Amino acid sequence: MSQQVEDLFKNTGASLDTPNNDSTWSTRLRNFGSSKLSERRAWTEFVGGKERYKPPTPKDALPRIQANLSHFAINYVCMFFILCIYCFITSPLSLLSPVVIIGLWVYFLYVVPQPVTFTRPIPIVFTDTQRNAILSVISLLIFYFSSVGAVVFWLIGATLTVVAVHSVMYVPAHEIERETMFQ
């Protein structure tokens, strides 16, 4: 049986003896991130000059949005992360609250997985469902009082607004070439 497994792995190029350093998840994630960042367009191209911005006609709006979304996709993702950093700087509690909530859930689900028991003043044993319901209520209260929801909605709204305005107003290179051919 073990010979069959070894033969199977030999055919795929994987190794059973030592893990390949290139196949660890952190290395793969780093390689993926660097390959995607290399697809990022130059910020000077992204911002462009004022000649690159003009309102579209109704028939040009959708093709312009599609062209800009595909051309500047990585730049738009970078804008999202820049806005995330801005949110964390201006509202540090929005970074601390998810950490506390994740810590609570990890503690009660993985560190103390057995049912929670209180002995005073009346002995109470919480089932898994009750524990999860209590953790959910506590999580929602923490999110509400730390105003993380407002920060998240602001982040989504600001990102969508920046992406929408840029992708509609920025004139793609193929559209400029088409205009210069007909002049």
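A. Broad picture of the confidence of the model for the protein. Taken as a whole, the protein shows an average pLDDT of 77; of its residues, 75% reach a score of 70 or greater. Across the protein, helix α8 (residues 148–169) holds the top mean pLDDT of 90, while helix α1 (residues 2–12) sits lowest at 49. Counting contacts from residues 11–19, a segment whose pLDDT is below 50, to residues more than four positions away or on other chains yields four contacts.

B. Local environment of helix α5 (residues 73–90). The end-to-end C-alpha distance of α5 is 26 Å, a good match for the 26 Å that 18 residues give at a rise of 1.5 Å each. Within the sequence span of α5, burial applies to I74, N75, Y76, C78, M79, L83, C84 and C87.

C. Local environment of the packing of aromatic side chains. One pass over the structure, following the stated rule, counts six aromatic pairs. Ring centres 5.4 Å apart and planes at 70° place the aromatic pair F80 and F81 in the edge-to-face group. With a relative accessible area of 28%, F80 lands in the partly exposed category. What makes F81 partly exposed here is its relative accessible area of 48%. The interplanar angle of 40° and the centroid separation of 5.7 Å between the aromatic rings of Y86 and W154 together place this pair among those described as tilted. Of this pair, Y86 sits in helix α5 while W154 sits in helix α8, and the two are 68 residues apart along the sequence. Of the residues examined, W154 reaches a relative accessible area of 39% and is grouped as partly exposed. Members of the aromatic cluster, each reached through a chain of ring pairs, are F72, Y76 and Y170.

D. Structural context of α8. In this model, α8 (22 residues) spans 31 Å end to end at C-alpha, consistent with the 32 Å of a helix rising 1.5 Å per residue. Restricting attention to buried positions, one finds in α8 the residues V148, V151, L155, A158, T159, V163, H166 and S167. For α8, the angular spread of buried residues about the axis comes to 145°, placing them on one side. Seen from the open side of α8, the exposed residues pointing more than 90 degrees away from its buried face are A150, F153 and L160.

E. Representation of the side chain of S94 within the structure. Position of S94 relative to the elements: it lies in helix α6 (residues 93–111). There is a polar contact of 2.5 Å between the side chain of S94 and the backbone oxygen of S91. Discounting chain neighbours no more than four positions away, the residues touching S94 are C87, F88, V148 and V151.

F. Region of the structure containing the environment of I102. With respect to the helices, strands and loops of the structure, I102 is situated in helix α6. Assessed through its relative accessible area of 53%, I102 is described here as exposed.

G. View of the environment of E45. Inspection of the secondary structure puts E45 in helix α3 (residues 43–47). C-alpha of E45 to C-alpha of F72: the two residues are 27 residues apart in sequence and 9.6 Å apart in space. Once residues lying within four places of it in the same chain are set aside, the contact partners of E45 are H71, F72 and Y170.

Reading the values: rules and limits
- Within each chain, residues carry numbers counting from 1 in the order of the written sequence.
- Where totals are concerned, whole chains, interfaces and linings use all residues; where local detail is concerned, this predicted model gives features only for residues with pLDDT of at least 70, and gives and counts side-chain atom pairs only at 80 or more.
- Side-chain metrics in this entry use all non-hydrogen atoms of the structure; hydrogen atoms and water are not considered.
- Confidence scores per residue from the predictor, reported as pLDDT, run from 0 to 100.
- Each helix corresponds to a stretch of at least 4 residues labelled H or I by DSSP, and each strand to a stretch of at least 2 residues labelled E; elements are numbered beginning at the N terminus.
- Contact between two residues is taken to exist if any of their heavy atoms lie within 4.5 Å; hydrogens are not considered.
- Helix span is expected to be 1.5 Å times the residue number reduced by one.
- Note on exposure labels: buried denotes an accessible area under 20% of the residue type's maximum, exposed denotes more than 50%, and partly exposed covers the range between, all computed with a 1.4 Å probe on protein chains only.
- The rule is short: rings of Phe, Tyr and Trp, with Trp giving its six-membered ring, pair when the centres are within 6.5 Å, and they are stacked under 30 degrees, edge-to-face over 60, tilted in between.
- Within this analysis, the arc is defined by the directions that extend from the helix axis to the C-beta atoms.
- Pairs of N or O atoms are called polar contacts if they sit within 3.5 Å, as long as, within protein, a hydrogen donor faces a hydrogen acceptor (for residues adjacent in sequence, only side-chain-to-side-chain pairs).

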